[in-house]
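One letter stands for each residue in the lines below.
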Amino acid sequence: MLRRTALPALAALALLAVTTACSADADSTAAAKDGTTTVTLALDWTPNTNHTGIYVAQAKGWFKDAGIDLRIVPYGSTAPETLIASHKADFGISYQEGVTTARAAGQDITSVYAVTQKTDVTVSVRADRTDITSPKDLDGKTYAGFGAPYEKPLLQKVIKNAGGKGDFRQVTLNTSAYAALYAGKADFAMPMPTWEGLEAKLSGKPLKDFQLSDYGFPAIYSTLIASSDQFLKKNPAVAKKFLAAVDKGYRYAAENPGQAADLLIAANKSVLTNTKLVKESSQLLAKEYYKGADGTIGTQSAARWKAFADFEYGAGLLVDANGKKLTKAPDTSTFFTNAYLPDAK
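None of these values were measured; they are calculated from a predicted model.

The rules behind each value
- Residues numbered from 1 in each chain as written.
- Predicted model: local features only at pLDDT ≥ 70, side-chain atom pairs only at ≥ 80, totals over all residues.
- Heavy atoms only, no water.
- Helix = DSSP H or I, 4+ residues; strand = E, 2+ residues; numbered from the N terminus.
- Buried < 20%, exposed > 50% of the residue type's maximum accessible area, 1.4 Å probe, protein only.
- Contact = heavy atoms within 4.5 Å.
- Axes fitted to C-alpha atoms, helices over the stretch in contact; angles between N-to-C directions.
- Parallel < 35°, antiparallel > 145°, perpendicular 65-115°, else oblique.
- Nonpolar A, V, L, I, M, F, W, Y, C, P; charged D, E, K, R; others polar.
- Phe/Tyr/Trp six-rings, centres within 6.5 Å; stacked < 30°, edge-to-face > 60°.
- Expected span 1.5 Å × (residues − 1).
- Left-handed = near helix turned anticlockwise from the far one by under 90°.
- Pairing = 2+ DSSP bridges.

### Regarding the overall build of the protein chain
Scanning the protein chain from terminus to terminus reveals 12 helices and 11 strands. Across its three principal axes, the protein chain shows a C-alpha extent of roughly 65 × 50 × 40 Å. Counting every position in the protein chain, which comprises 345 residues, the buried fraction comes to 54%. Put simply, 81% of the contacts in the protein chain that link residues at least 6 apart link residues at least 24 apart.

### Topic: the packing of helix α9 (residues 236–255) against helix α10 (residues 257–267)
Between α9 and α10, the least distance of the axes is 5 Å, while the angle of their chain directions is 125°. Classed by the angle they form, the pair α9 and α10 counts as oblique. Between α9, through Y252, A253, A254 and E255, and α10, the contact on the second element is made entirely by P257, Q259, A260 and L263. Classifying every residue of the contact of α9 with α10 by side-chain character gives six nonpolar, one polar and one charged.

### Let's talk about the packing of aromatic side chains
For the coordinates displayed, the defined rule picks out 16 aromatic pairs. Ring geometry for F63 versus F242: centroids 5.6 Å apart, planes at 25°, classification stacked. Here F242 lies in helix α9 and F63 lies in helix α2 (residues 62–65), a separation of 179 residues in the sequence. Of the two residues, F63 and F242, both sit in the buried class. Taken together, a centroid distance of 6.5 Å and an interplanar angle of 75° make the contact between F217 and F308 edge-to-face. Remark: F308 occurs in helix α12 (residues 302–314) and F217 occurs in the loop between β10 (207–211) and β11 (224–227); sequence separation between them is 91 residues. Take F217 and F308: they sit in the same class, and that class is buried. Grouped by ring-pair contacts, the aromatic residues F63, F91, F231 and F242 constitute a single cluster.

### Observations regarding the side chain of S282
Here S282 shows up in helix α11 (residues 275–289). When near neighbours in sequence (up to four residues on either side) are disregarded, S282 contacts T49, T52, P257 and A261.

### Concerning α9
For α9, spanning 20 residues, the distance from its first C-alpha to its last is 28 Å, which sits close to the expected 28 Å at 1.5 Å a residue. Within the span of α9, buried status applies to V238, A239, F242, L243, A245, V246, D247, G249, Y250, Y252, A253 and A254.

### Section: the environment of G314
On the secondary structure map, G314 appears in helix α12. Through-space distance from the C-alpha of G314 to that of A260 is 40 Å; in sequence the pair is 54 residues apart.

### Quick notes on helix α4 (residues 96–104)
Judged by how many residues are buried, α4 sits mostly within the fold: nine of nine residues are covered. Every buried residue of α4 is listed here: Q96, E97, G98, V99, T100, T101, A102, R103 and A104. Packing partners of the buried residues in α4 comprise α3 (80–85), β4 (91–94), β5 (110–114), β11, α8 (229–234) and α12.

### Remarks on the environment of Q107
Relative to the helices and strands, Q107 is located in the loop between α4 and β5. For Q107, a relative accessible area of 15% corresponds to the buried category. Separated by 39 residues in sequence, Q107 and I68 have C-alpha atoms that sit 26 Å apart.

### Some points on the environment of P80
Within the secondary structure, P80 sits in helix α3. On a C-alpha basis, the gap between P80 and D44 in space is 6.1 Å, while along the polypeptide they are 36 residues apart.

### Re the packing of α10 against α11
Where α10 meets α11, the closest approach of the two axes is 9 Å, and the angle between their N-to-C directions is 135°. Considering the angle they form, α10 stands oblique to α11. The element α10 and its partner α11 pack so that their crossing is right-handed. The segment α10 lies against α11, with P257, G258, A261, D262, L264 and I265 engaging T275, V278, K279, S282, Q283 and A286. Broken down by class, the residue content of the contact of α10 with α11 amounts to six nonpolar, four polar and two charged.

### Overview of the pairing of β4
On a regular strand, one side chain projects to one face of the sheet and the next to the other, so that they alternate. Burial along β4 is two-sided: the residues F91 and I93 and G92 and S94 are all buried. Direction of pairing for strand β2 (residues 37–42) relative to β4: parallel, over a ladder of two bridges. Bridging from a neighbouring strand, A42 pairs with G92 of β4. Taken together, the four bridges between β4 and β11 define a ladder with antiparallel strand orientation. Bridge pairing in β11 places I93 opposite I225.

The analysis is restricted to geometry; functional conclusions fall outside its scope.
In structure tokens, the structure reads:
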């Protein structure tokens with residue numbers, strides 16, 4: 001459901017091959033004959049409940065009402081972060097690690113909307129593992145991961161903060177997290193509770209979760225919408241109208257998860273065939289993830305961006321445009337903006 005592998009080598013931008021679906025340069029938006037403005041949004045995966053607000057706004061006609069002809073670009077071999085930074089897409093679905101890695105390397109990408117306020121990833125084991133009651137019990141165990149560089153230092157920090165040593169083995173997933181755990185291929189994984197965790201429960205194979213924040217790891221914006229400074233500066237009014245429609249869509253999803261799920265399914269019938277999973281995921285996202293502790297939706301905090309970047313820098317994961325490790329933690333004040341949200345002054 002969510003890309004959690006690291007971005008490809010940033011030098012690959014020089015060899016970028018972009019699909020014709022989003023080949024129009026985002027230097028300026030395209031005006032249609034009916035007076036609407038064409039805006040492209042690149043997906044990070046196949047349509048799922050992280051995208052609900054987008055499809056709600058589309059189905060309700062809120063983009064059209066704002067004068068926007070939204071073109072949703074299906075996920076392909078080119079990551080949304082690359083499409084955005086190379087100005088081949090106006091907006092894209094991303095995540096904090098993706099934006100942090102790209103922006104630290106000087107790429108033109110900025111987060112403009114936080115879809116999820118609560119970290120949508122946990123450290124999980126089979127629910128029947130009575131020998132594992134804390135992350136400290138994961139020492140010496142096998143982790144099934146996605147091959148992203150940040151996974152090991154993240155887990156080491158969590159395990160050490162729980163009182164362990166942070167020593168474990170790694171294998172790369174070629175199946176779902178819960179399937180790997182129940183097949184005995186691994187002892188723990190990092191699934192998304194709003195999808196894989198629910199999928200495991202509905203399959204009769206529930207998981208036991210350890211929240212990262214309970215063990216000192218900084219909160220993460222697991223799903224966000226990003227754009228480029230170039231697009232935002234050239235099209236501020238369009239950006240605000242786009243995000244106003246997006247915000248309206250996610251607020252509807254937060255208040256009406258059942259109806260929102262129906263709209264998402266109706267727009268993606270060939271992909272979202274497990275309607276029970278979609279509906280339960282929508283309910284969980286509405287209950288725990290869309291809204292912050294203060295009830296806000298879409299907003300981002302400087303403290304959260306700094307904390308995560310400091311972790312990545314401390315783990316030696318951030319590099320510059322030449323692939324060399326950064327010698328100081330990046331200034332994350334430019335990694336995100338709340339300036340284009342509906343309530344922005």
